Amino acid sequence: MTDTSDNRGGEGEPSLAAASLSGLCPRCGAKSLFDGVVKLAPRCRACELDYDQFNVGDGPAAFLILIIGAVIAIGAIWLELSFSPPFFVHLVWLPILIGLTLGGLRLGKAALLVQEYRTGAREGRLKE
């Protein structure tokens, strides 16, 4: 069952920042956007908005790979050239990489879903 009702512009809708940071439903503001760390729930538990109708896809992941990869690489090169620490010191980049990736992926997926909901974005279709 797909919820295609157009209920945008309501007072209960959270801002983009609030919805993205807290994982709030774009329609009612309930904290029901995620089922896991980065897995989107199939629908809102409060208002039954079907999240599966939105195509979040891998867009946020592609940007995160490039941005976070560059930040980590620059940090590791700077650390090595500035201090020449033992190799095991560079293991500090692993938890930083995981944290930034999971946090960024969560934010990116939520922001993209909220924007798709607000603009009424749907998959492209050919005229028949």
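All chains use their own residue numbering, which begins from 1 and follows the written sequence. Totals for whole chains, interfaces and linings use all residues, but because this is a predicted model, local features are given only for residues with pLDDT of at least 70 and pairs of side-chain atoms are given and counted only at 80 or more. Excluded from the side-chain calculations are hydrogens and water; all other atoms, namely the structure's heavy atoms, are used.

Draft legend 1. Summary view of the overall build of the chain. Looking only at helices and strands, the chain has three helices and zero strands in total. The N-to-C order of helical and strand elements in the chain reads α-α-α. For the chain, the proportion of its 128 residues judged to be buried stands at 32%. A contact between two residues is defined here by any heavy atoms of the two lying within 4.5 Å. The contacts in the chain between residues at least 6 apart in sequence include a share of 51% that link residues at least 24 apart. Values of accessible area rely on a 1.4 Å probe in the Shrake-Rupley scheme; residue burial ignores everything except the protein chains shown. Of the roughly 8200 Å² that the chain leaves accessible, carbon and sulfur atoms contribute 65%. Numbered from the N terminus, helices here are DSSP runs of H or I no shorter than four residues, and strands are runs of E no shorter than two. For every residue, the accessible area obtained with a 1.4 Å probe (protein chains only) is divided by the maximum for its type, and the residue is called buried under 20%, exposed over 50%, and partly exposed between those limits.

Draft legend 2. The arrangement of the packing of aromatic side chains in detail. Whether two aromatic rings pair depends on their centres lying within 6.5 Å, for rings of Phe, Tyr and Trp, where Trp uses its six-membered ring; planes under 30 degrees apart make the pair stacked, over 60 edge-to-face, and the rest tilted. Using the criterion set out here, one finds two aromatic pairs in the structure. Relative to Tyr117, the ring of Phe54 lies with its centre 6.2 Å away and its plane at 75 degrees, an arrangement referred to as edge-to-face. Within this pair, whereas Phe54 is found in the loop between α1 (16–22) and α2 (59–83), its partner Tyr117 is found in helix α3 (residues 93–119), the two being separated by 63 residues in sequence. On the accessibility criterion, Tyr117 (2% relative accessible area) is buried. By definition, being over a ring means that NZ of Lys or CZ of Arg is both within 6 Å of the ring centre and within 35 degrees of the ring normal. A cation sits over an aromatic face here: Arg106 above Phe34, 4.1 Å from the ring centre.

Draft legend 3. Seen up close, the nonpolar core. Judged by nonpolar contacts, the single largest core of 14 residues is most densely connected at Cys25, Leu33, Leu40, Cys44, Leu49, Tyr51 and Leu113. For Leu33, the contacting residues outside a window of four places in its chain are Gly23, Leu24, Pro26, Lys39, Leu40, Ala41, Tyr51, Ala110 and Leu113. Within the second largest apolar cluster, seven residues are counted, among which are Val38, Ile72, Leu79 and Trp93. The nonpolar core is taken to be a set of buried Ala, Val, Leu, Ile, Met, Phe, Trp, Tyr and Cys residues, with the residues joined through side-chain atoms within 4.5 Å.

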